[in-house]
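What follows is the residue order along each chain.
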Amino acid sequence: MGETIKNRYEFVVLFDVENGNPNGDPDAGNMPRIDPESGYGLVTDVCIKRKIRNYVDTIKEGEAGYRIYIKEDVPLNRSDSEAYEYLNIKDAKDLKKKDPDADQKIRDYMCQNFFDIRTFGAVMTTFVKAKLNCGQVRGPVQLGFARSIDPIISQEVTITRVAITTESDAANKSTEMGRKNIVPYALYRMEGYISANLARKVTGFSEEDLDLLWEAIINMFENDHSAARGKMAVRELIVFKHSKELGDCPAYKLFDAVEVSRKSNVEYPRKYTDYQVSIHEDQVPQSVEVIRKI
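Since the model is a prediction, treat every value here as computed from it, not as a measurement. (Residues numbered from 1 in each chain as written. Predicted model: local features only at pLDDT ≥ 70, side-chain atom pairs only at ≥ 80, totals over all residues. Heavy atoms only, no water.)

## A closer look at the overall build of the protein chain
Each helix and strand in the protein chain was counted, giving nine helices and 14 strands. Considering only C-alpha atoms, the protein chain reaches an extent of 65 × 65 × 35 Å along its principal axes. Looking at the protein chain as a whole, 45% of its 294 residues are labelled buried. (Helix = DSSP H or I, 4+ residues; strand = E, 2+ residues; numbered from the N terminus. Buried < 20%, exposed > 50% of the residue type's maximum accessible area, 1.4 Å probe, protein only.)

## What to know about the side chain of T44
Mapped onto the elements of the fold, T44 is located in the loop between β4 (40-43) and α1 (45-60). Given a relative accessible area of 12%, T44 falls into the buried group. Here C47 takes part through its backbone nitrogen, which lies 3.1 Å from a polar atom of the side chain of T44. Not counting residues up to four positions away in its chain, the partners in contact with T44 are N23, R33 and F145. (Polar contact = N/O pair within 3.5 Å; in protein donor to acceptor, adjacent residues only side chain to side chain. Contact = heavy atoms within 4.5 Å.)

## Structural notes on the nonpolar core
By size, the foremost hydrophobic cluster in this structure holds 40 residues, and its most contacted members are F11, V13, F15, I52, I194 and W214. Among the elements of the structure, β1 (9-20), α1, α5 (115-120), β7 (141-143), β10 (176-194), α7 (196-203), α8 (207-218) and β11 (231-241) are those that each provide at least two residues to this core. Ranked by residues supplied to this core, first place goes to α8 with six residues. Beyond its immediate chain neighbours, meaning those up to four positions away, I52 contacts F120, L143, L213, A216, I217 and M220. Formed by 20 residues, the second largest nonpolar core is a distinct cluster that contains L14, Y185, A251 and L254. (Core = buried A, V, L, I, M, F, W, Y, C linked by side-chain atoms within 4.5 Å.)

## Side note on α1
For α1, with 16 residues, the first-to-last C-alpha span of 22 Å sits near the 22 Å given by 1.5 Å per residue. Just downstream of α1, E61 is the residue with a positive phi angle, here 50°. (Expected span 1.5 Å × (residues − 1).)

## Some points on the environment of Y69
Structurally, the position occupied by Y69 is in the loop between α1 and α2 (76-86). Exposure remark for Y69: the relative accessible area of 1% places this residue in the buried category. Sequence separation between Y69 and Q112 is 43 residues, and the spatial gap between their C-alpha atoms is 12 Å. Sequence-distant contacts of Y69, defined by excluding residues within four places in its chain, comprise L76, S79, D80, M110, F114, D116, I117, A122, V123 and M124. A distance of 2.7 Å separates the side chain of Y69 from the side chain of D80, its partner in a polar contact.

## Some words on the pattern of salt bridges
Side chains that differ in charge, positive against negative, can pair when their charged atoms come close. Following the criterion strictly, the structure yields 17 salt bridges and no others. Residue D45 pairs with K49 through a salt bridge whose shortest N-O separation is 3.8 Å. Highlighted residues: D45 and K49, both in helix α1, separated by four residues, approximately one helical turn. We classify K49 as buried; its relative accessible area is 12%. Between K271 and D274 there is a salt bridge; the shortest N-O distance is 3.2 Å. For K271, a relative accessible area of 47% corresponds to the partly exposed category. Residue D274 is classed as buried on the basis of its relative accessible area, which comes to 7%. In the salt-bridge network here, residues are joined through shared partners; they are K51, D224 and R229. (Salt bridge = Lys/Arg side-chain N within 4 Å of Asp/Glu carboxyl O.)

Everything listed here is a matter of geometry and, on its own, says nothing about what the molecule does.
This is how it looks when you write it as structure tokens:
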């Protein structure tokens, strides 16, 4: 997989949505997620990871070392059992009997073969029927929730369709009504962390993996367009590269150096240029490199 990363990173991602639903809330009729106290829009880390996984899966198409563990229509047991077959082990009870280091070998096998485990980590214990236990892996890449720069207003839009569901309904009407929830416009900010220490000790996350991660973040919406999500695009990827494995300063100082504000003459933002993005590099230690990927 190449050389393991040696530097700690933090990064800020700015992405926007226009006339779409970036992340529906199943507990609220699939309306856009929102902080009820402040009105700010939210997008979960799980949602963003799904986009990254999908991009890597699309680009690599199951290439050795870049398969995806958390994948639609692929049971976790199926992937877990591969490691057992590789080490010729029947089930979890047979682990220690076979080899005292078998549990570590199984985790290593999963990290080497699955990009998302190597990146985000995973809980790989499925005891229900198959009695498989590939352990737990804490990944070096961690994402926070994305939050909108301004409070959002979710709109419920009524739509009509000419395709009628049943024969009996078709005799009485020519159209049916429906609804979709959208955000007219919102700019979201997400912050992330990459630990070189965990990469070295646990998963072996490499420089090649890091380059693929940046590519996936930049393009995560480009092959994921749909009518429900509207127009979504990554606008900024700002990376802070520390000079050493454990870093040069607290992450919050670097995040505070990135200021995103609405322009003074804009009351209702409706496009990315209604905002101004500033990086206060005087607040960043000289040993930390600032890289704008977009």
